[in-house]
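# A structural walkthrough
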Amino acid sequence: MIDKPLTVQSDRTMLLDVHSPSSDACRADIIAFSDLVKSPEHVHTYRISQLSLWNAISSGLSADEILSRLGKWSRYEIDPRIEFFITDQSERYGDFILTELDDEYLLLTVRRPVFALQLKAETALRELLIPESASSFRVLRMNRGVLKARMIKLGFPVDDRIPLKKGLPLDIRLKDSFTPRPYQKDAVKALLGDGSEGTGYGTIVLPCGSGKTIAGILAMSQLSTRTLILCPNVTAVHQWIRELLDKTELTENEVGEYSGERKDMKPVTVCTYQIITWRPDTDSDYPRFSLFRDGGWGFIIYDEVHMLPAPVFRITAELQAIHRLGLTATLVREDGREDEVFSLVGPKRYDTPWSELEAQGFIAKAWCHEIRLPLPEDLEVSYAIAKKREKYRIAAENPLKIGAAERIIRAHEGESILIIGQYLEQLEAFREKFGYPIITGSTPTRRRDELYAMFRSGEVKVLIVSKVANSAIDLPDASVAIQISGTFGSRQEEAQRLGRILRPKNRDSHFYTLVSEYTEEEEFAQNRQKFLSEQGYSYTIEKDCGDAE
Amino acid sequence: MQNERVLPFGFREKLQYSEEKALQALDDSDAALLSAIHLSSDSLSFLSCERTSSLLDRGFLIKEDGRLRVSAAGMKGVSTFPLLGKKARRRLYPEAFIPFVLSVVASRNLQSGRWQRNLSSDFFTSLFPSIEKGKAITAAERTIEAMIRLGIAIDDGECISISRPAAQSFMALSEEERIAMIIGGEGAERKKIALAIALSQRLSGIEKENADEYLDRIGRIAGYRPSLEDLETFSLIDEDNGILTGRKRGSSMPLDAAVSSDFSITYSGASPEDIYLYATPVRADSTTEWKLTKASMKTAFSLGITPDEAAGKLEALSSFPLPESLRPRISLWYRSFLSVRAQRALILQADERNARIIDALPTLRMHIIGKIGETIFLMDDSTEGLWRRALENAGFDMLGPTEGPAFEKAQERRIQIAPSDFRGITLPEEREIPFSVQGRNELLAASDSPLRTALINSGFITDREEETPSVDMVNGLYYQEKMRLIAAAEHDGQKIYLESLDGSAIIGHPRHLEESFISLSGIRIDAAKAWKAAILPPSVKDSALRPSDSDSQ
């Protein structure tokens, strides 16, 4: 008898029993039409949404196939309303078809004239649609993304049948010495599919330290076209260039850096979000957006896509004809714009639970510790009478954290340690106390790179960093992170910081968070831990015992 | 003597009892009655049913130790006809509905006088994705009203709170009885309603227009006719396009329970009995999900649950080791809970001399919460009677009544919720019906004799190709022989087959009345007029018993 590990709930969530022998096979079947919501150690939660269904249908899956997969794995009878939802939503796909018209316009055709009336009634769409006939509209090419995003929000999925452009060709060969990991190959396969309509754009979610860059490089090699890569900071730009030169046959002449320091446009150009969204004043356009249009790109990679700034959303909406890839470990945006990422960059094509990769040894095993320490008596009253925001800061900058950090560093002597904090004064206090080098937003890029290099080589064992090191920094040997303060309850920041120590190495990693007890910081800490708890990470709670040891 | 004709007992060779075939002769009414007897703690009350004797005759019921018991064959019968109606897709009953409502009550988030508003919030209704919003609200309102009536929930004028002991007695009952109490059943009525609920949940794929007929049948078996409205309100049955189907019950125990590192608690089946005291509801569906939060643990601590107790309950529940961080986290919450506490107290003022005496009195010590200065004592409000008596005994007989406004005390209605031996969900529900009922109906339609019809109804003939066994018949003209045959059958507990001249037949246990008159299946018959007579085994169904007939308790 087949083992049935899936519970399909009436609210379209699905619970997967990961201890079941067939959980892997089941996961492989359902991930194509659902999103992973959380993956703690025993039961993983997936959700079927309108968007996830339409994405599945657009990549060739039928409603019957989806229902058959659910029937195959579901432990209990499936609520008829779920069946109706799947059938109904899949039937809707194809009601609105977008095709080529001429050089300037695309054609949106609706299945029945009544749909055309519906579209005309929507104020959000009126400016984008020019009636062509009773059942079709002309759409400016540049409005393709915006139209699709707005229609999806209104519940009208667009079947976009315009093939993606090829871009100018570029031979990107992988070096023979380099072997990608199975999940990296799977992720790229999920992104590119068979090359038919509805594939070739999307988001890949992989844990920090698991080699997202490699997945991007693999996709590049398969598409073999000119590629623009956008990163959150210059250090990440340098890392991409280093990896490209290391893993592919591309030469320095073919890979350019477009940053505040250098403006090299090459067949593969790596730039920062910041440089691309620069403008002389707040009323001006973004002059560097021309970079997107003029490079002959066939592929755009958005690294750390969860950090995509709002103006880039806008330009991305114009670039729907180009292959696109979003890379992230934590598609948790505190501004709730995950849906826009999915509709403009592309749907989530691949997502794997962190615990799976940890179990397979592809990311380091990490132990999370929450260290509680008291607020000094002289701060108790000022804390009690402070305003909410100030309260958090007083607790976060608790001076006793210096002693606690010192004890942790002593306990991990010889290991590569990061001290990560939010407040510059606090970080400075740590620097003064310990004398370790510090990297903040004001540290020049060259100095940052030097310090990161020294850290990587082991010359510097402890590095104090501000939030500039929250993400996209590859420090393979770091095995201990001490988080002394953070951005309130940011789940994404917490996960990214843990990510700094997840590169696999010959020892386990330890992630310490210092928290002032009986203060607001406790609440924020718990909220911060939510994402990681949902990935199966368990925080031990320890009381800092001062110098008692 | 030598001329005396031998009575025709040849049926013994020709009508061999086969359990498998007898099972095929059961119908859903038989199975419903067997289910009711199995569930009921008062099985003897079913003895008066005609159908009960037929089931006893056929070995599906056994009478022993002064009560009726469903035999192993009978339980197979229940499995053969797990449902009333036809096999239709059945959704799972949301087992966690009542625990979720209890949790909301325990959290003290329902304001007195306007708690209905909280229930109509999107948050509340989203807890029950498989229940239509309106029904979830109505069911919750009726549940809370019943809880207040039963003293499980207490309305103190500010908010609705929970009485832990009453809630525990309530949750110790079966789900059917809990619903019965909410509907309004007490005492013996509670059991009847519970039984009716258990049977109603086995309705499957019936047309709404036939609902009355089925509910009447259930009413005759259980002694209480459930209302369709109640059944729908409490999600016991669903309607889909005019078709009614009872919701399937899960396991009576929590299954596959897991407590994860994000402190979510998931399981399928019935809820652990007091999870509503310490966890906050997330979702009640095929699988139930709760979450342990700071707020839910505050509720737990307020109700006297200690960190060890809470962790112990979770440990006992979970199929896996608890996340490492769970115990420390609960302990830290507990420390926070204890760090500042509010307690009702009374101020007792004395002059210096008397204050010294009060301070020294050992009988008062346990009632003094603290002192404010040398002569002012904070006294325990809840033990006022005791310390007043102690003071009086110590000579303070001039102590007047307590001044100032009195604390409003919740009116605890102490209604005893009697425990029960109702068996709840112990019946098999999901079996494949191994043969076609339609097939039997076709056989019956093609029958050419009353005997064949009776034998088809009783499972002796199950195939069109099977010939009707030639049971020895006594010619009705031989009056004496016929009466001897009837007397012998009555004596041996066998059944009699009497066929009239017009070809109609009647079968049943005979009881001689007077002269040629006998009672057969409760009908008075003149045996002298019978055209043919034969003895049949008790396992042949009485002819008065038609498949859809039901019996009263």
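Residues numbered from 1 in each chain as written. Chains lettered and ligands numbered in written order. Predicted model: local features only at pLDDT ≥ 70, side-chain atom pairs only at ≥ 80, totals over all residues. Heavy atoms only, no water.

A separate point is the overall build of chain B. Tallying secondary structure elements over chain B gives 23 helices and 23 strands in all. Across the 553 residues that make up chain B, the buried fraction comes to 51%. The contacts in chain B between residues at least 6 apart in sequence include a share of 66% that link residues at least 24 apart. (Helix = DSSP H or I, 4+ residues; strand = E, 2+ residues; numbered from the N terminus. Buried < 20%, exposed > 50% of the residue type's maximum accessible area, 1.4 Å probe, protein only. Contact = heavy atoms within 4.5 Å.)

Each domain of chain B was delimited in the assignment, giving domain 1 (97–246), domain 2 (255–339), domain 3 (345–393) and domain 4 (434–536). Just the C-alpha atoms count here: the centres of domain 3 of chain B and domain 4 of chain B sit 89 Å apart. (Domains from an automatic or database assignment.)

Turning our attention to a nonpolar patch on the surface. A grouping of B:Leu477, B:Leu501 and B:Trp531 is seen on the molecular surface, where their side chains present a nonpolar patch of about 370 Å² in accessible area. Take B:Leu501: it is sitting in the loop between strand S18 (495–499) and strand S19 (505–508). (Patch = residues over 30% accessible without salt bridge, like charges linked within 9 Å, V, L, I, M, F, W, Y side chains within 5 Å. Areas by Shrake-Rupley, 256 points an atom, 1.4 Å probe, with all protein chains shown as cover. Salt bridge = Lys/Arg side-chain N within 4 Å of Asp/Glu carboxyl O.)

The interface of chain B with chain A comprises 34 residues on the first partner and 38 residues on the second. Each partner contributes to the roughly 3000 Å² buried at the junction of chain B and chain A, and carbon and sulfur atoms together form 45% of this total. Scanning the region where chain B abuts chain A turns up 23 residue pairs in polar contact (both at pLDDT 80 or more). Sorting the residues of the side of chain B that touches chain A by element identifies strand S10 (255–259), strand S11 (264–268), strand S13 (287–291) and helix H17 (326–339) of chain B as the ones contributing at least two each. (Buried area = accessible area lost by both parts, 1.4 Å probe. Polar contact = N/O pair within 3.5 Å; in protein donor to acceptor, adjacent residues only side chain to side chain.)

Looking now at the sheet that holds strand S21 (residues 517–520) of chain B. Residues and elements named next belong to chain B. A sheet is described by the order of its strands in space; here 3 strands give the open sequence S20-S21-S22, paired in antiparallel fashion. On the outer flanks of this sheet lie strand S20 (510–514) and strand S22 (523–526), each paired with one strand and no other. For this sheet the average axis-to-axis angle between neighbouring strands, irrespective of direction, equals 35 degrees. Bridge analysis of S20 against S21 gives 4 bridges, and the strand direction is antiparallel. The partner of Arg511 across the bridge, within S21, is Ser519. This element, helix H23 (residues 479–492), spans S20 and S21 of the sheet and lies at about 125 degrees to S20. (Pairing = 2+ DSSP bridges. Axes fitted to C-alpha atoms, helices over the stretch in contact; angles between N-to-C directions.)

In this section: empty space enclosed by the protein. Applying the stated rule across the entire model yields 8 cavities of 30 Å³ or more. Roughly 110 Å³ of internal volume is contained in the largest cavity. Per-class residue counts for the lining of the largest cavity are 4 nonpolar, 4 polar and 7 charged. (1 Å grid on protein atoms, 1.4 Å probe; cavity = no way out; pocket = protein on both sides within 12 Å on 5 of 7 lines; lining within 4 Å. Points joined across faces, edges and corners; volume = space filled by probe spheres on them. Nonpolar A, V, L, I, M, F, W, Y, C, P; charged D, E, K, R; others polar.)

It is worth spelling out the pairing of strand S10 (residues 201–205) of chain A at this point. Residue and element names in this part refer to chain A. Among the 5 residues that make up S10, 5 are buried, leaving the element largely enclosed by the rest of the structure. Of the two faces of S10, the one carrying Tyr201, Thr203 and Val205 and the one carrying Gly202 and Ile204 are both buried. Of the strand pairs in this sheet, S10 and strand S15 (residues 323–328) are connected by 5 bridges, and their pairing is parallel. Its bridge partner being in S15, Tyr201 is matched across the sheet by Arg324. In terms of strand pairing, S10 meets strand S16 (residues 348–351) through 3 bridges, oriented parallel.

Residues and elements named next belong to chain B. Using the criterion set out here, one finds 67 salt bridges over all chains in the structure. Of the charged contacts in the structure, one is a salt bridge between Arg249 and Glu95, with a shortest N-O distance of 2.9 Å. Within this pair, whereas Arg249 is found in the loop between strand S9 (243–246) and S10, its partner Glu95 is found in the loop between strand S3 (84–85) and helix H6 (97–106), the two being separated by 154 residues in sequence. Note on accessibility: Arg249 and Glu95 belong to one class, buried. Glu309 is the partner of Arg164 in a salt bridge, and the nearest nitrogen-oxygen pair spans 3.3 Å. In this pair, Arg164 is assigned in helix H10 (residues 164–171) and Glu309 in helix H16 (residues 307–317), connecting sequence segments 145 residues apart.

This brings us to the nonpolar core. Of all hydrophobic cores here, the largest spans 105 residues; its most connected members are B:Phe170, B:Ile265, B:Tyr278 and B:Leu292. If you tally residues by element for this core, the top one is H6(B), at 8 residues. Both domains that meet at this core, namely domain 1 (97–246) and domain 2 (255–339) of chain B, each give it at least three residues. Among residues more than four places away in sequence, those in contact with B:Tyr278 are B:Leu292, B:Ser296, B:Met297, B:Ala300, B:Ile305, B:Lys313 and B:Leu314. Core analysis: the second largest hydrophobic core is formed by 62 residues, A:Val188, A:Leu206, A:Phe455 and A:Val465 among them. (Core = buried A, V, L, I, M, F, W, Y, C linked by side-chain atoms within 4.5 Å.)

All names here are of chain A. Assigned domains of chain A: these are domain 1 (6–92), domain 2 (100–156), domain 3 (182–353) and domain 4 (364–548). A separation of 38 Å is found between the C-alpha centroids of domain 1 and domain 4. In this assembly, 5 residues from domain 1 lie in contact with 4 residues from domain 4. Counting the contacts that link domain 1 with domain 4 gives 0 salt bridges. Linking domain 1 with domain 4 are 2 residue pairs in polar contact (both at pLDDT 80 or more), by the criterion used here.

Turning to the confidence of the model for chain B, a few remarks are in order. Per-chain confidence: chain B averages 84 in pLDDT, with 90% of residues scoring 70 or above. Every residue in residues 545–553 of chain B scores below 50 in pLDDT, and together they form 34 contacts with partners more than four places removed in sequence or on other chains. (pLDDT = per-residue confidence, 0-100.)

Attention now goes to helix H3 (residues 28–39) of chain B. Residue and element names in this part refer to chain B. For H3, which comprises 12 residues, the first-to-last C-alpha distance of 16 Å matches the rise-based estimate of 16 Å (1.5 Å per residue) to within 8%. Summarising burial for H3: 12 of the 12 residues are buried, a large majority. Taken together, the buried positions of H3 are Asp28, Ser29, Asp30, Ala31, Ala32, Leu33, Leu34, Ser35, Ala36, Ile37, His38 and Leu39. (Expected span 1.5 Å × (residues − 1).)

Our focus in this paragraph is the packing of aromatic side chains. Summed over all chains, the structure comprises 19 aromatic pairs over all chains. Both rings, one in B:Phe124 and one in B:Phe128, keep their centres 5.3 Å apart while their planes meet at 65 degrees; by these two values the pair is edge-to-face. As far as the burial class goes, B:Phe124 and B:Phe128 line up, both buried. Taken together through their ring pairs, the aromatic side chains of B:Phe97, B:Phe100, B:Phe124, B:Phe128 and B:Trp290 make up a single cluster. Here A:Arg12 stacks its cationic end above the ring of A:Phe85, 3.7 Å away from the centre of that ring. (Phe/Tyr/Trp six-rings, centres within 6.5 Å; stacked < 30°, edge-to-face > 60°. Lys NZ or Arg CZ within 6 Å of the ring centre and 35° of its normal.)

Time to look at the sheet that holds strand S1 (residues 6–8) of chain A. Residue and element names in this part refer to chain A. A sheet is described by the order of its strands in space; here 4 strands give the open sequence S1-S2-S4-S3, paired in antiparallel fashion. Edge positions in the sheet fall to S1 and strand S3 (35–38), since each has one partner strand and no second. Strand after strand, the sheet turns through a mean of 30 degrees between neighbouring axes, direction not considered. Pairing geometry for S3 and strand S4 (residues 43–47), over 3 bridges, is antiparallel. Residue pairing in the sheet places Lys38 in a bridge with Thr45 of S4.

All names here are of chain A. Summarising the element assignment, Glu304 is placed in the loop between strand S14 (299–302) and helix H13 (310–318). Exposure remark for Glu304: the relative accessible area of 4% places this residue in the buried category. For the pair Glu304 and Ile439, spaced 135 residues apart in sequence, the C-alpha to C-alpha distance is 20 Å.

Two measures define how a pair of helices packs: the angle their axes make with one another and the distance between the axes. Residue and element names in this part refer to chain B. One can describe the packing of helix H11 (residues 175–183) onto helix H12 (residues 187–200) by two numbers: an axis separation of 8 Å at closest approach and a directional angle of 120 degrees. The orientation of H11 with respect to H12, classified from their angle, is oblique. Judged by the twist between their axes, the crossing of H11 over H12 is right-handed. Counted together, Glu176, Glu177, Ile179, Ala180, Met181 and Ile183 of H11 and Arg190, Lys191, Ile193, Ala194, Ile197 and Ala198 of H12 form the full contact between these two elements. Of the residues contributing to the contact of H11 with H12, the split by class is 8 nonpolar, no polar and 4 charged. (Parallel < 35°, antiparallel > 145°, perpendicular 65-115°, else oblique. Left-handed = near helix turned anticlockwise from the far one by under 90°.)

Attention now goes to unusual backbone geometry. Of note, A:Ser224 is a non-glycine position whose phi angle comes to about 45 degrees, a positive value. Its location among the elements puts A:Ser224 in the loop between helix H9 (212–223) and strand S11 (227–231). Despite not being glycine, B:Glu515 has its phi angle at roughly 45 degrees, a positive value. Its location among the elements puts B:Glu515 in the loop between S20 and S21.

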